[in-house]
Amino acid sequence: MAKMTAIAGSFALAALALTACVTDPHETVVATSDIVTIRASGSSAQLGAMDAWRSEFHELHPGVRIDYRANDSGAGVRDFIQGLTAFAGSDVPMRPKEQALADKRCGSRALHLPMVVGPIAVAYNLPSVPALKLSPDTLAGVFSGRITRWNAPELAADNRGARLPSTKIQVIHRSDDSGTSHNFTTYLKAAGGWPYEPSRKWPAPGRGVETSSGVTEAVKETEGAIGYMEYGFASDAELQTAKVRNAAGEFVALSPESASTSLSGAEFVGENGDLAMRLNYLTKEKGAYPITLVTYEIVCQKGSDPLVRTFLRYTASNAGQAHLSLFGYAPLPPEVIVKVRAQVDALT
């Protein structure tokens, strides 16, 4: 943890420096006399990975800086459609209407390129319970507001022998247009009988806060709280995280390895070079942690800036993927990264 925090701190300091060059807000690749700035925005889930990538990329290419604004997946898609950014980060594929608008902006197909596997942690603040197990049905009950006390029968059944307090459960959720919320509610719908449709906007009761870091801080400050965020945020804040039961009946702890295993059974559903994926939340692969998301970089298939293509080649390279586990992410499985690299090379 100390190593990860120290490295993250150095990347964060470097990242602050990389946002200094900002001129016309309607230019996506801005050139000055001595620097080129590439603008991008979107998913807050991949912020740790993006900070590391843009810092290392700047060392490799001192004349290029990546200005990435983590304003949530929905906002990133809107910025891209409006031509304000060179690429967008999104934790969920675009809706058909968004895809049509993005294609129109590009004058070609706008592609989803999976780049980050982000395990979604179910983090809680209950000092008297150092180890918590949660089945999908119990998770859905807690986050829908049906289960309101930590010693409810459903929680007791998942945690036989544990002494659970009668503390009221405080549900913390994202209030913004969040790909993390969409992935989490998609999992709950598939595995836990969630009573709502999957959505980037949270549909159930609870306390809403913006961004993954906001949810993390709220859980950390609120005894009895439970929330969802990417593993890197939970790990860096030293939050307790629950083991979640997968479709094979195992309660599995969250880790980069168990998250990568969960991609077994995922399928590509995009067309014409698009690499959008459908995750299998009911995988029975042994050791699979079932709640993950994939963050896509959305980019024009034709007409993208050569420096954008250079940056994406770096993020998909062995060097770009190698250190992701230090920040709570998982590298893309070999069968996925091969397709991503081929498609990045095919961009024009």
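These numbers were taken from a predicted model, which means no experiment stands behind them. (Residues numbered from 1 in each chain as written. Predicted model: local features only at pLDDT ≥ 70, side-chain atom pairs only at ≥ 80, totals over all residues. Heavy atoms only, no water.)

## Overview of the environment of Ser304
Item 1. Tracing the backbone through its elements, the reader meets Ser304 in the loop between β15 (292-300) and α11 (306-315).
Item 2. Exposure remark for Ser304: the relative accessible area of 10% places this residue in the buried category.
Item 3. In this structure the C-alpha to C-alpha distance between Ser304 and Arg39, which are 265 residues apart in sequence, comes to 12 Å. (Helix = DSSP H or I, 4+ residues; strand = E, 2+ residues; numbered from the N terminus. Buried < 20%, exposed > 50% of the residue type's maximum accessible area, 1.4 Å probe, protein only.)

## Concerning helix α7 (residues 179-192)
Item 1. The end-to-end C-alpha distance of α7 is 19 Å, a good match for the 20 Å that 14 residues give at a rise of 1.5 Å each.
Item 2. Within α7, 10 of the 14 residues are buried, which leaves the element mostly enclosed by the surrounding structure.
Item 3. Along α7, the positions that sit buried rather than exposed are Gly179, Thr180, Ser181, Asn183, Phe184, Thr185, Thr186, Tyr187, Leu188 and Gly192.
Item 4. The opening residue of α7, the one whose side-chain oxygen lies 3.1 Å from the backbone nitrogen of Thr180, is Ser178.
Item 5. Positioned one or two residues after α7, Gly193 has a phi angle of 70 degrees, which is positive. (Expected span 1.5 Å × (residues − 1). Polar contact = N/O pair within 3.5 Å; in protein donor to acceptor, adjacent residues only side chain to side chain.)

## Quick word on the confidence of the model for the protein
Item 1. Residue-level pLDDT values for the protein average 90, and 92% of them are 70 or greater.
Item 2. When the criterion is pLDDT under 50, residues 1-26 qualifies, and its contacts beyond four places in sequence or with other chains add up to 42 contacts. (pLDDT = per-residue confidence, 0-100. Contact = heavy atoms within 4.5 Å.)

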